Amino acid sequence: MTRYAPALGWGFLSGAALIVSFCALTVQLAFASFCVGVVGMVHGASDLEIVAYRRRPAFLALYVSALLVCLWWWIVDPAIALPAFLLASAVHFGLEDAPASRSFERMARGISLVATPAVLHVTSLSRILGFAGVPESSLPTMVGSLAVAGGIAAGCLAIIGVARHDRRLLAGTTALLVLPPLIGFSVGFLVLHAVPQTEERRDRLQCVTITAYLRAIAPVLIAAVMLVGIVGGLLLRWDPSGVRSLFAGIAALAMPHLLVTPYFEAAARRAGIMPQPQACQSFL
């Protein structure tokens, strides 16, 4: 039965995504919160484990500082915080989801994950971004630019996917293109980024199974989910729709993962320091 679990999981995700696509925005927000804010956070919850012990105090200080600055930014100026978050996310997705030798694919992947949902859903995405804090006067230009960039990137990835018989790339890109923005991004994010990165982190920490990996990172993951919930609850006073709360809560934890963790990893590589994974040893 175990070998069928991944197929069952993807089947359940696909079915749920299709059903939720026809539901109200509140239900779509709940789906996105679970996919991105819970399941999608699983790979980032092991950030501390990949940093050498002697560097962890500095890492935590920068991580928390970046989190607080991001949260403050979303409160005082979401119109700037949102584009900055999308740009940082696109760079992160591009660098993480394709090998360094495939620079063109890196660029296409990064752009597609943040921009392709705009291609066929200009009106609904404009509404969502308006709730998130983008001024109404800026929406046509922003969404139009995303739609053009996303269409080109999706077309490039479709060609790459067909040429390589890459079903994951084709499925993720199709979800980004066809499903409503929040649902399409959630599914595309899981298929193209979060799940592959979770598998990479599991192997890097020498965890035999995903279950062992989840048990090892459970305290950090639970704390992160609670923090997103608290941030989202606080921001409901500025946006009763919940859209800004979702974006701000996820961004507050994502930005340190996008900026601080790569900095420490790069510094460790330059210094020739490779932290020894300990997280899963007690579960072997």
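All values reported here derive from a predicted model rather than from experimental measurement.

This part is about the packing of aromatic side chains. Applying the stated rule across the entire model yields 6 aromatic pairs. Seen in terms of ring centroids, Phe185 and Phe189 are 5.6 Å apart; in terms of plane orientation they differ by 25 degrees. Their pairing is stacked. Of this pair, Phe185 and Phe189 both sit in helix 9 (residues 181–204), 4 residues apart, which is roughly one turn of that helix. Taking the relative accessible area as the measure of exposure, Phe189 reaches 7% and is therefore buried. Here the aromatic cluster, defined as three or more aromatic residues joined through ring pairs, consists of Phe59, Tyr63, Tyr263 and Phe264. Its guanidinium or amino end placed over the ring of Tyr53, Arg56 lies 4.0 Å from that ring's centre, counting from NZ or CZ.

The subject of this paragraph is helix 7 (residues 139–164). Here helix 7 contains 26 residues, and its C-alpha end-to-end distance of 36 Å stays within 8% of the 38 Å for a straight helix at 1.5 Å per residue. Among the residues making up helix 7, those that are buried are Leu139, Met142, Val143, Leu146, Ala147, Gly150, Ala153, Ala154, Leu157, Ile160 and Gly161. Taken together, the buried residues of helix 7 touch helix 4 (78–97), helix 5 (103–115), helix 6 (122–132) and helix 8 (167–178). His165 occupies a position one or two residues after helix 7 and carries a positive phi of about 55 degrees.

Quick look at a nonpolar patch on the surface now. The grouping of Val69, Trp72, Ile75 and Val76 at the surface amounts to a nonpolar patch, some 390 Å² of accessible area in total. For Val69, the location among the structural elements is in helix 3 (residues 56–76).

Moving on, we get to the packing of helix 2 (residues 25–37) against helix 9. The geometry of helix 2 relative to helix 9 is characterised by a closest axis approach of 9 Å and an angle of 15 degrees between their N-to-C directions. Comparing their axes, helix 9 and helix 2 come out roughly parallel. Considering how the two elements wind past one another, helix 2 and helix 9 form a crossing that is left-handed. Along the contact surface, helix 2 presents Leu25, Gln28, Leu29, Phe31, Ala32, Cys35 and Val36, while helix 9 presents Leu182, Ile183, Phe185, Ser186, Val187, Phe189 and Leu190. Broken down by class, the residue content of the contact of helix 2 with helix 9 amounts to 12 nonpolar, 2 polar and no charged.

This part is about the side chain of Arg56. With respect to the element layout, Arg56 can be found in helix 3. When its relative accessible area of 13% is taken as the criterion, Arg56 is described as buried. Among the polar contacts made by the side chain of Arg56, one reaches the main-chain carbonyl oxygen of Val51 at a distance of 3.0 Å. Apart from residues lying up to four places away in sequence, Arg56 is in contact with Leu48, Glu49 and Val51.

Definitions and limits used
Residues numbered from 1 in each chain as written. Predicted model: local features only at pLDDT ≥ 70, side-chain atom pairs only at ≥ 80, totals over all residues. Heavy atoms only, no water. Phe/Tyr/Trp six-rings, centres within 6.5 Å; stacked < 30°, edge-to-face > 60°. Helix = DSSP H or I, 4+ residues; strand = E, 2+ residues; numbered from the N terminus. Buried < 20%, exposed > 50% of the residue type's maximum accessible area, 1.4 Å probe, protein only. Lys NZ or Arg CZ within 6 Å of the ring centre and 35° of its normal. Expected span 1.5 Å × (residues − 1). Contact = heavy atoms within 4.5 Å. Patch = residues over 30% accessible without salt bridge, like charges linked within 9 Å, V, L, I, M, F, W, Y side chains within 5 Å. Areas by Shrake-Rupley, 256 points an atom, 1.4 Å probe, with all protein chains shown as cover. Salt bridge = Lys/Arg side-chain N within 4 Å of Asp/Glu carboxyl O. Axes fitted to C-alpha atoms, helices over the stretch in contact; angles between N-to-C directions. Parallel < 35°, antiparallel > 145°, perpendicular 65-115°, else oblique. Left-handed = near helix turned anticlockwise from the far one by under 90°. Nonpolar A, V, L, I, M, F, W, Y, C, P; charged D, E, K, R; others polar. Polar contact = N/O pair within 3.5 Å; in protein donor to acceptor, adjacent residues only side chain to side chain.

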